[in-house]
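Working through the structure, step by step
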Amino acid sequence: DFDSLQRFVGMTKPQELPMIQKLRKQAEGEVDYTAEAEHLRVLHEAIAASPEFRGAVAVPAPIPELTRNRVLGMEYLPGHRLDDVLKERLRELGMEPTTNYKNLLQ
């Protein structure tokens, strides 16, 4: 955990403490599920209001009464998993999904 990491870095490389504190703040922001629920709500509403995506893209709605700082409650959407659909599409294009395509972006 970050408390242990900060103590260790403070004893071994105190000059690195500001970087560890910044990392901790960033990580804590990433797991604030109440904020994430708000982002999900905005996205859900935007997709539902968009004629281009409505019916073609599904975004679950958050469930506020089930959401807390460390738990994000959202509706269940039946259907195919996005990663499975994307892998199948890659196969249709003649590409192997297990291949690393990062070098194509360079």
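So, a few notes on the structure that sits alongside this text. (Residues numbered from 1 in each chain as written. Predicted model: local features only at pLDDT ≥ 70, side-chain atom pairs only at ≥ 80, totals over all residues. Heavy atoms only, no water.)

Our focus in this paragraph is helix α3 (residues 33-49). An α-helix turns once per 3.6 residues; consequently, residues spaced three or four apart project the same way. Look at α3: 24 Å from first C-alpha to last across 17 residues, which is about the 24 Å you get at 1.5 Å a residue. Among the residues making up α3, those that are buried are Ala37, Leu40 and Ile47. All buried residues of α3 lie within an arc of 95 degrees about the axis, which places them on one face of the element. Counted as exposed and oriented over 90 degrees from the buried face of α3: His39 and Ala49. (Helix = DSSP H or I, 4+ residues; strand = E, 2+ residues; numbered from the N terminus. Expected span 1.5 Å × (residues − 1). Buried < 20%, exposed > 50% of the residue type's maximum accessible area, 1.4 Å probe, protein only. Arc of directions from axis to C-beta.)

Okay, the pattern of salt bridges next. Applying the stated criterion to the full structure yields six salt bridges. Asp3 is the salt-bridge partner of Arg24, the closest N and O atoms lying 2.8 Å from each other. Highlighted residues: Arg24 in helix α2 (residues 17-30) and Asp3 in helix α1 (residues 2-12), separated in sequence by 21 residues. Overall, the relative accessible area of 36% leaves Asp3 in the partly exposed class. A salt bridge links Arg41 to Glu45, with the nearest nitrogen and oxygen atoms 2.8 Å apart. Note that Arg41 and Glu45 are positioned in helix α3 at a spacing of four residues, about one turn of the helix. The partly exposed category is assigned to Arg41, whose relative accessible area is 30%. (Salt bridge = Lys/Arg side-chain N within 4 Å of Asp/Glu carboxyl O.)

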